[in-house]
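Structure assessment
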Amino acid sequence: MSKVTSDVAALLLRLAAGAIFIPHGWSKIAGEGGSAAFAADVAANYGIPAFLGHLAAWTELVGAILLIVGLLTRLDALLLAGTMFVAAFIVQLPEALYEVPADAIKAFVALRAIELPLAMFGICLSLVLIGPGRASLDHLLGIEDRVCRWLPKKKAATEVAA
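Now for a quick tour of the structure. (Residues numbered from 1 in each chain as written. Predicted model: local features only at pLDDT ≥ 70, side-chain atom pairs only at ≥ 80, totals over all residues. Heavy atoms only, no water.)

**Considering the nonpolar core**
Selection rule: Throughout this description, the term nonpolar core refers to a set of buried Ala, Val, Leu, Ile, Met, Phe, Trp, Tyr and Cys residues connected via side-chain atoms within 4.5 Å. Only protein chains enter the accessibility calculation, which uses a 1.4 Å probe; a residue is then buried when its area is under 20% of its type maximum, exposed when over 50%, and partly exposed in between. Helix and strand assignments follow DSSP, with helices taken as H or I runs no shorter than four residues and strands as E runs no shorter than two, numbered in order from the N terminus.
Ranked by size, the top nonpolar core spans 14 residues in total, and within it Ala17, Phe21, Leu67, Ala77, Met120 and Cys124 carry the most contacts. Elements with a contribution of two residues or more to this core: helix H1 (3-30), helix H3 (50-69), helix H4 (73-98) and helix H5 (106-130).

What follows is the structure in structure tokens.
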């Protein structure tokens, strides 16, 4: 895959994820009771510490905006992936499997219940792995170059063969 193709793919993933997360984060922050109500709800109903509820709400809003512009992309995507993991497997999956009709296929019921958070988890994890691409503030500000210094280097084909 060419560098241009991977840059466009990263840009499309960032824009799509950001556009999906913004209204979800906004509803948690600006809804009745704000992030405190959301945090109290996840603490009371799922046993998740309230501070993680606040973190999830603000990450969905601010992290989405930062994803769109490509700033701190890998960190934003990692936090959002964690949020989606919890949404899929701690919140939505147990609720979906609580009362499954007798004639239903459990696997389909489960996948139907977690399809959005699972897809968003995959998108965010992909962004953690591939990075923001060149059409990002991370690239323009040199942040991605500094992050890449910490990542393992690829071995040249001659080194691998030896």
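**Considerations on unusual backbone geometry**
Non-glycine residue Leu72 carries a positive phi angle of around 55°. Considering the arrangement of structural elements, one finds Leu72 in the loop between H3 and H4.

**Considering the packing of H4 against H5**
The criterion, for reference: Fitted lines through C-alpha atoms give the axes, limited to the stretch in contact for helices. The angle between two N-to-C directions lies from 0 to 180 degrees. An angle below 35 degrees is read as roughly parallel, one above 145 as roughly antiparallel, one from 65 to 115 as roughly perpendicular, and any other as oblique. Three residue categories are used. Nonpolar comprises Ala, Val, Leu, Ile, Met, Phe, Trp, Tyr, Cys and Pro, charged comprises Asp, Glu, Lys and Arg, and polar comprises the others, including Gly.
It is the contact of H4 with H5, at a shortest axis distance of 7 Å, that shows an interaxial angle of 170°. The angle between H4 and H5 places the two elements in the roughly antiparallel class. Looking at side-chain class alone, the contact of H4 with H5 contains 26 nonpolar, 1 polar and 2 charged residues.

**Details of the pattern of salt bridges**
Using the following cut-off: Each salt bridge in this description consists of a side-chain nitrogen of Lys or Arg and a carboxyl oxygen of Asp or Glu lying within 4 Å of one another.
In this structure the tally under the stated criterion is 5 salt bridges. In this structure, Lys3 engages Asp7 in a salt bridge whose closest nitrogen and oxygen atoms are separated by 3.9 Å. Here the residue Lys3 and the residue Asp7 both occupy positions in helix H1, the gap between them amounting to 4 residues, near one helical turn. Relative accessible area serves as the criterion here: at 49%, Lys3 is assigned to the partly exposed category. Here Arg134 makes a salt bridge to Asp7, at a shortest N to O gap of 2.3 Å. Placement of Arg134 in the loop between H5 and helix H6 (137-140) and of Asp7 in helix H1 is noted, with a sequence separation of 127 residues between them. Using a relative accessible area of 37% as the deciding quantity, one classes Arg134 as partly exposed. Linked through salt bridges whose partners overlap, the residues forming this network are Lys3, Asp7 and Arg134.

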